[in-house]
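Residue-level structural notes
Next come the chains, spelled out residue by residue.
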Amino acid sequence: GKAEVIDADGAIVAPGFVDLHTHLREPGREDEETIATASTGAAAGGYTAICAMPNTDPVCDTSSVAEKVWALGRETGLVDVRVAGALSRGLDGAVMADIGEMVRSAARVTMFTDDGHGVQDSLFARRTMEYLVAFDAIYAEHCEDAALAADGQMHEGDRSAELGLRGIPAEAEELMAARDIALARLTGCRLHLLHVSCARTVELVRRAKAEGARITAEAAPHHFTLTDAALETYDPLMKVNPPLRASEDVDAVTRGLADGTIDAIATDHAPHAVEEKDQEFSYAPPGMLGLETALALSFTQLVEPGHLGLSRLVELLSTNPARILGLDEQGSLEIGS
Ligand code: DOR
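Report on the accompanying structure. Nothing here was measured: the structure is a model prediction, and the numbers come from that model.

This next bit is on the site of the ligand. Near the ligand there are 13 residues, and of these Arg25, Asn55, Asn241, His272 and Pro286 occur at the shortest range. At 3.0 Å from an oxygen atom of the ligand is found a side-chain nitrogen or oxygen belonging to histidine 272. With respect to the ligand, the backbone of proline 286 contributes an N or O atom lying 3.0 Å from a nitrogen atom. Split into classes, the residues belonging to the shell around the ligand amount to three nonpolar, seven polar and three charged.

Okay, structure coming up:
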């Protein structure tokens with residue numbers, strides 16, 4: 001027949017991966033990354049869809065920015081570039097962004113977040129969730145109580161004390177996750193927890209799911225690969241937010257990925273300019289790369305040691321994130337998809 005035979009020996013054959021959490025840096029910081037370069041990295045990493053975070057300059061808080069990012073993704077044509085809209089105008093956490101307009105735009109935005117910051121004002125979080133319910137859209141949170149996190153540089157614990165770097169306690173994440181789970185219950189809004197990094201957050205998600213909450217969660221490869229021990233050299237490449245945590249947290253995130261508590265692996269791919277990263281630790285911006293290494297790290301950290309099988313890994317990288325974003329044409333291997 002006419003069938004084309006491809007030798008896939010030693011390769012992983014899977015539906016294209018879907019990244020729920022990518023920082024593309026366009027518009028505003030095209031020196032760091034563009035929609036075209038991020039699309040290239042994504043495709044090289046096995047991704048067929050990525051979701052652009054809104055913390056660009058200008059912030060993606062209107063339909064015009066959302067449509068621009070979406071259109072540039074289509075123009076590049078390598079992967080499906082979806083857009084997450086901001087919850088608040090300019091990520092100020094106070095005035096709602098043009099949510100309805102973004103939902104109805106050509107970009108068809110379904111996920112909203114102020115990622116980079118947690119929403120500090122509980123009443124703003126509640127009102128925004130109530131508004132999102134009307135669109136069945138997702139409220140996605142960067143769980144971090146800013147007052148508790150203060151100007152922390154790394155995970156708070158013995159190691160931060162040893163290194164003399166100000167710590168961010170795990171409780172800064174736990175408290176906001178608990179608040180949001182309560183508010184999602186109150187409002188009926190779909191809740192997605194971004195980059196879950198702590199054991200107690202995993203436990204909160206597990207309990208909320210057992211109670212039937214409409215909640216999903218993601219974890220980033222660096223949070224199941226590295227611990228705060230990686231900070232020993234004060235290498236700013238290891239600076240990321242939420243920070244690299246303790247080994248108990250890494251174990252809990254790993255178990256959460258295996259048992260279905262955490263739904264997706266998302267990269268939080270967050271490129272920065274070399275001259276910005278190459279500074280004294282406390283001046284360097286947080287963020288790690290992820291698109292080209294997510295599969296290899298997941299395979300090495302999760303599949304090879306036997307924490308989970310390849311089919312679960314494909315759920316985490318492809319099927320589940322496609323379902324969360326509502327991308328019918330992604331997340332499966334079928335004729336035409
Ligand atoms: O490490 C991070 N980098 N965490 C965030 O929440 C934001 C991101 C960025 O945009 O650089």
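Attention shifts here to the nonpolar core. Judged by nonpolar contacts, the single largest core of 65 residues is most densely connected at Phe112, Tyr139, Leu193 and Leu257. Aside from chain neighbours lying at most four places away, what touches leucine 193 is Glu141, Cys143, Ala177, Thr201, Val205, Ile215, Thr216, Ala217 and Glu218. Counting 16 residues, the second largest nonpolar core, distinct from the first, contains Val18, Cys51, Met53 and Leu325.

Glancing now at unusual backbone geometry. Glutamate 26 connects to proline 27 through a cis peptide bond whose omega is 10°. Even without glycine at this site, aspartate 136 takes up a positive phi of about 50°. Relative to the helices and strands, aspartate 136 resides in the loop between α4 (122–133) and β5 (138–141). Judged by its relative accessible area of 40%, aspartate 136 falls in the partly exposed class.

Rules of the game
Residues numbered from 1 in each chain as written. Predicted model: local features only at pLDDT ≥ 70, side-chain atom pairs only at ≥ 80, totals over all residues. Heavy atoms only, no water. Near = heavy atom within 4 Å. Polar contact = N/O pair within 3.5 Å; in protein donor to acceptor, adjacent residues only side chain to side chain. Nonpolar A, V, L, I, M, F, W, Y, C, P; charged D, E, K, R; others polar. Core = buried A, V, L, I, M, F, W, Y, C linked by side-chain atoms within 4.5 Å. Buried < 20%, exposed > 50% of the residue type's maximum accessible area, 1.4 Å probe, protein only. Contact = heavy atoms within 4.5 Å. Helix = DSSP H or I, 4+ residues; strand = E, 2+ residues; numbered from the N terminus.

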